[in-house]
Amino acid sequence: MSTPKIKSAVEDMVKPFLDEHGFELVDVEYVKEGSNWFLRVYVDKEGGIDIDECGRISEYLSERLDANDPIPEAYFLEVSSPGAERPLKKPEDVAKSVGKHVFVTTYEPIGGLKEFEGTLASFDGEEVVIEIGKKKHAIPYAKVASARLAILF
């Protein structure tokens, strides 16, 4: 099974449990690091998620994975919080982050820059506006390579 199909199958297995218990699926990764495969599931909820909740989700998902067996090779399952610098994978994630400090990279330079760190001033589904100091940078959403929350030091 291909990596996108594995990710989709895992999402389908875990999403009903997460929805029922008030959790949000942030991301699913299936990656090879060295000689080992890792299935990483990032989950969050309002106010944050704790280790016991990650354990419950891991147990639930592990049972479903054993029963459905969508992954042919051996792998390590990790269920965790996305962390303080949470990735903003979906347009909904970006929209919920207006007013927060973010770090955005683009596929190509916009106004001579490919990296932007500042306050997410607005997002209308088509354009991300980041305020850096007193200057606002408008970035077409289609040109955003990655976006995440950023910690201000």
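Residues numbered from 1 in each chain as written. Predicted model: local features only at pLDDT ≥ 70, side-chain atom pairs only at ≥ 80, totals over all residues. Heavy atoms only, no water.

**Q** Before we move on, can you summarise the sheet that holds strand β8 (residues 144-149) with the specific residues and values?
**A** Here we have five strands laid out as an open sheet, ordered β7-β6-β5-β4-β8, and antiparallel in their pairing. Since the sheet does not close on itself, it has two edges, and those belong to β7 (135-140) and β8, each with one partner. Sheet twist, expressed as the average angle between the axes of neighbouring strands with direction ignored, equals 40 degrees. Across six bridges, strand β4 (residues 101-110) lies against strand β5 (residues 113-123) in antiparallel orientation. What sits directly across from Val104, in β5, is Phe116. (Pairing = 2+ DSSP bridges. Helix = DSSP H or I, 4+ residues; strand = E, 2+ residues; numbered from the N terminus. Axes fitted to C-alpha atoms, helices over the stretch in contact; angles between N-to-C directions.)

**Q** Provide a residue-level description of the packing of aromatic side chains, including the pertinent values.
**A** In this structure the tally under the stated criterion is four aromatic pairs. Ring geometry for Phe17 versus Tyr60: centroids 4.2 Å apart, planes at 20 degrees, classification stacked. Of this pair, Phe17 sits in helix α1 (residues 3-20) while Tyr60 sits in helix α2 (residues 51-68), and the two are 43 residues apart along the sequence. Both residues of the pair, Phe17 and Tyr60, count as buried. (Phe/Tyr/Trp six-rings, centres within 6.5 Å; stacked < 30°, edge-to-face > 60°. Buried < 20%, exposed > 50% of the residue type's maximum accessible area, 1.4 Å probe, protein only.)

**Q** Tell me about the environment of Ala138, residues and numbers included.
**A** By the secondary structure assignment, Ala138 is in strand β7. What makes Ala138 partly exposed here is its relative accessible area of 40%. Sequence separation between Ala138 and Val128 is 10 residues, and the spatial gap between their C-alpha atoms is 5.8 Å.

**Q** Now, about the pairing of strand β1 (residues 24-33): what can you tell me, with residues and values included?
**A** Direction of pairing for β1 relative to strand β2 (residues 36-44): antiparallel, over a ladder of nine bridges. Residue pairing in the sheet places Val31 in a bridge with Phe38 of β2. Joining the antiparallel neighbours β1 and β2 is a turn of two residues, in which Gly34 adopts a positive phi near 65 degrees.

**Q** Residue-level account of the pattern of salt bridges, with values.
**A** With the rule as written, the count across this model stands at 13 salt bridges. Across the salt bridge formed by Glu33 and Arg40, the nearest N and O atoms sit 2.7 Å from each other. Accessibility expressed as a relative area gives 39% for Glu33, which makes it partly exposed. Where Arg86 meets Asp44, a salt bridge forms, and the shortest distance between an N and an O atom there is 3.2 Å. On the criterion of sequence distance, the pair formed by Arg86 in the loop between β3 (76-80) and α3 (91-96) and Asp44 in strand β2 is long-range, its members being 42 residues apart. Grouping residues by exposure puts Arg86 and Asp44 together as buried. Because the salt bridges share partners, they merge into one network encompassing Glu24, Asp44, Arg86, Asp93 and Lys96. (Salt bridge = Lys/Arg side-chain N within 4 Å of Asp/Glu carboxyl O.)

**Q** So what's going on with the nonpolar core? Which residues, and what values?
**A** Nonpolar side chains tend toward joint burial in soluble globular proteins. If you look at the biggest cluster of nonpolar residues, it comprises 22 residues, and the most contacted ones within it are Val10, Leu18, Leu39, Val41, Val43, Ile57 and Leu61. Of all the secondary-structure elements, those providing two or more residues to this core are α1, β1, β2 and α2. With seven residues, the single largest contributor to this core is α1. Core analysis: the next-biggest nonpolar cluster, separate from the first, contains 14 residues, Leu88, Val102, Leu120 and Ile130 among them. (Core = buried A, V, L, I, M, F, W, Y, C linked by side-chain atoms within 4.5 Å.)

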